[in-house]
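Spelled out from the first residue to the last, the chains are:
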Amino acid sequence: FPDTRLALARDALAGLSVGDALGSQFFVPGRHPDDLAAGRLPAPPWEWTDDTEMACSVVAELAAAGRIDRDRLALAFAQRCEPYRGYGPGAVTILRLIRTGTPWPVAAASAFDGQGSCGNGAAMRVAPLGAWHADSTRRAAEQARASAEVTHAHPEGVAGAVAVAVAASLAARARLDGGRPEPARLLTAVAGALDPAGEVYRGVRRAAALLGHSAAEAADSLGNGSRVTAQDTVPFTLWVAATLLHDYPAAIRACVEAGGDVDTTAAIVGGIVAAYTGVGGPGGVLEGWLTAREPLPAWLTAPT
Ligand code: R7I
Ligand code: MG
Ligand code: MG
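What you are looking at is a predicted structure, and each value in this text was computed from that prediction instead of being measured.

**Q** Teacher, can you tell me more about the pattern of salt bridges here?
**A** One side chain can pair with another of opposite charge once the charged atoms of both are near each other. The tally for this structure, following the rule as stated, stands at nine salt bridges. A salt bridge links Glu 61 to Arg 72, with the nearest nitrogen and oxygen atoms 2.9 Å apart. One end of the pair, Glu 61, is in helix 3 (residues 50-65); the other, Arg 72, is in helix 4 (residues 70-80), with eleven residues separating them in the sequence. Taken together, the shared-partner salt bridges in this structure form one network comprising Glu 82, Arg 85 and Glu 294.

Take a look at the structure:
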C-alpha cells in the first residue's frame, strides 16, 4: 500500500497542478473560456501558482514522513514560498512571520485581526493528501485538519480543507475499487465529516440539493471563489467534482467557465478528479495539458 499511496497522491497532484496552471491562464486579459471549449489552448508554458507550490510541500512531507508534522510543514511552506506565485495577502504575512521565527500557532492566529484566515488556501493544496488516505476518510479528515492549521486558524478555513480531503479520499477509494461514487452519496459523506454549524457544511448540503442543475446555476448559488474564502469556493468545487468525476477535461472546463478564483477552483477539482481518473487514460488528465504545464519543482522528486 505505501507505493499505492504515493502513486495516488502524485496523480492528484498532477491534476491539481494542471488545473492551477491552466486555470490561472484565464486571469490574462482578453482570454475567454470559449477558447478552451473550442480546443484553442493558451501557449505553453502554463506557470503554476501558490496552489501547486504548497501542494508540492504537502506531498513531499507525506513522502518523507508518512504523516503531517505541523512544525515541519509550516517551515516547508515558509521556506519554499516564492511570493510572486500569487499567494494571498494573509498567507504572505503568516509565512514571513514563520520564516523569521514566530511559532506557527501565533502566526496563524494573528491573521485578519485575530480571526485567523478563512481563505481557500488550506483547501487548494489538500486533495493529494486525501488521495494518500484512500483507506480512511477519518484519517484523511484528521490529517487535512493538521495540514490546514499551520496557516488557517479560522474554523471555516479548516473545514474547507477537511471537505476537499474527504472527497479526494473517496475518489481514490472508488478508483481502487473500480466503482463510480454516486454524486449525492459523495456529497453526503463529505458533509458527514463537517461541523453542521459551519458555513462550509451548509454549502455542501446546498451543493447536494443542486445536483442535476447546470454548472452555471450551481456557481450562481454556491459562489465561484471570487471572495477567495473557503465558504465561497469549496461547495461549488465539490459540486463539479461529484458531477464530473469521470471526466477531467470537462471538470476543468466547468471551473474555467464559472470564472472567479479559477486557478483555485480548477486546482481543487483537478486534484479530486485526477485521484479518480489518473493521468493519460480515458477521462484522465490529458498528456498535452501535462506537458504544457511548467514542470513541477525539482526538489519534489529529488532524494532527501
Ligand atoms: O487562503 P490563502 O492562502 O489564499 C489562497 C488564494 C488562492 O486563490 C490562491 O490562488 C491565491 O490567489 O490566494 O490566503 P489568505 O490571504 O489567508 O486568504 C485569502 C483571502 O481570503 C484574503 O485575502 C481575504 O480576502 C479572505 N479572508 C478573509 N476575509 C475576511 N475575514 C481570509 N480570512 C478572512 C477573514 O477572517
Ligand atoms: Mg494561486
Ligand atoms: Mg486562486
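**Q** Explain the coordination of the magnesium ion (ligand 3) here, please?
**A** Six octahedral donors at a metal ideally form angles of 90 or 180 degrees, and four tetrahedral donors ideally form angles of 109.5 degrees. Coordination sphere of the magnesium ion (ligand 3), protein contribution only: Asp 261 (OD), Asp 263 (OD) and Thr 264 (OG1), at 2.1 to 2.2 Å. Spacing between the donor residues of the magnesium ion (ligand 3) along the chain follows D-x1-D-T. Metal-to-metal, the separation of the magnesium ion (ligand 3) and the magnesium ion (ligand 2) is 3.6 Å; Asp 263 coordinates the two. Taken individually, Asp 263 and Thr 264 each receive the classification buried, so the pair is uniform in this respect.

**Q** I would appreciate a short explanation of the coordination of the magnesium ion (ligand 2) in the present structure.
**A** Around the magnesium ion (ligand 2), the protein supplies Thr 49 (OG1), Asp 50 (OD), Asp 51 (OD) and Asp 263 (OD) as donor atoms, at distances of 2.1 to 2.3 Å. Counting along the primary sequence, the residues that act as donors to the magnesium ion (ligand 2) give the motif T-D-D-x211-D.

**Q** Is there a simple way to think about the packing of aromatic side chains in this case?
**A** The geometry of an aromatic ring pair comes down to the distance between the two centres and the angle between the two planes. The tally for this structure, following the rule as stated, stands at two aromatic pairs. Between Phe 236 and Trp 239, the ring centres sit 6.4 Å apart and the planes meet at 10 degrees, which makes this aromatic pair stacked. In this pair, Phe 236 and Trp 239 both sit in helix 13 (residues 230-243), three residues apart, roughly one turn of the helix. Across the pair, Trp 239 and Phe 236 agree in class, each one buried. Arg 80 extends its terminal NZ or CZ atom over the ring of Trp 299, reaching a point 3.7 Å from the ring centre.

**Q** Looking at this structure, how should I read the side chain of Thr 52?
**A** Structurally, the position occupied by Thr 52 is in helix 3. Setting aside its immediate chain neighbours within four residues, Thr 52 contacts Leu 16, Ser 17, Asp 20 and Leu 296.

**Q** Where do I start with helix 8 (residues 137-149) in this structure?
**A** Structural remark: α-helix, 3.6 residues per turn; residues separated by three or four positions point the same way. In a regular helix each residue adds 1.5 Å, so 13 residues correspond to 18 Å; helix 8 covers 18 Å between its end C-alpha atoms and thus fits that length. Within helix 8, burial applies to Ala 140, Ala 141, Gln 143, Ala 144, Ala 146, Ser 147 and Ala 148. At its buried positions, helix 8 is contacted by helix 3, helix 4, helix 7 (127-132) and helix 9 (155-177).

**Q** Whenever I open this one, the packing of helix 13 against helix 15 (residues 262-277) confuses me. Can you help?
**A** Axis angle and axis distance: for two packed helices, these are the angle between their axes and the distance between the axes, and together they describe the pair. For the pair helix 13 and helix 15, the least separation of the axes is 9 Å and the interaxial angle reads 40 degrees. Considering the angle they form, helix 13 stands oblique to helix 15. In this structure, the crossing between helix 13 and helix 15 has a hand that is right-handed. Contacts between helix 13 and helix 15 involve Thr 233, Thr 237, Leu 238, Val 240 and Ala 241 from the former and Thr 264, Thr 265, Ile 268, Val 269, Ile 272 and Val 273 from the latter. Counted by class, the contact of helix 13 with helix 15 contains seven nonpolar, four polar and no charged residues.

Thresholds applied
Residues numbered from 1 in each chain as written. Chains lettered and ligands numbered in written order. Predicted model: local features only at pLDDT ≥ 70, side-chain atom pairs only at ≥ 80, totals over all residues. Heavy atoms only, no water. Salt bridge = Lys/Arg side-chain N within 4 Å of Asp/Glu carboxyl O. Helix = DSSP H or I, 4+ residues; strand = E, 2+ residues; numbered from the N terminus. Donors = N, O, S within 2.8 Å, 3.2 Å for Na, K, Ca; no water. Buried < 20%, exposed > 50% of the residue type's maximum accessible area, 1.4 Å probe, protein only. Phe/Tyr/Trp six-rings, centres within 6.5 Å; stacked < 30°, edge-to-face > 60°. Lys NZ or Arg CZ within 6 Å of the ring centre and 35° of its normal. Contact = heavy atoms within 4.5 Å. Expected span 1.5 Å × (residues − 1). Axes fitted to C-alpha atoms, helices over the stretch in contact; angles between N-to-C directions. Parallel < 35°, antiparallel > 145°, perpendicular 65-115°, else oblique. Left-handed = near helix turned anticlockwise from the far one by under 90°. Nonpolar A, V, L, I, M, F, W, Y, C, P; charged D, E, K, R; others polar.

Note that all results are geometric; they support no functional claim without further evidence.
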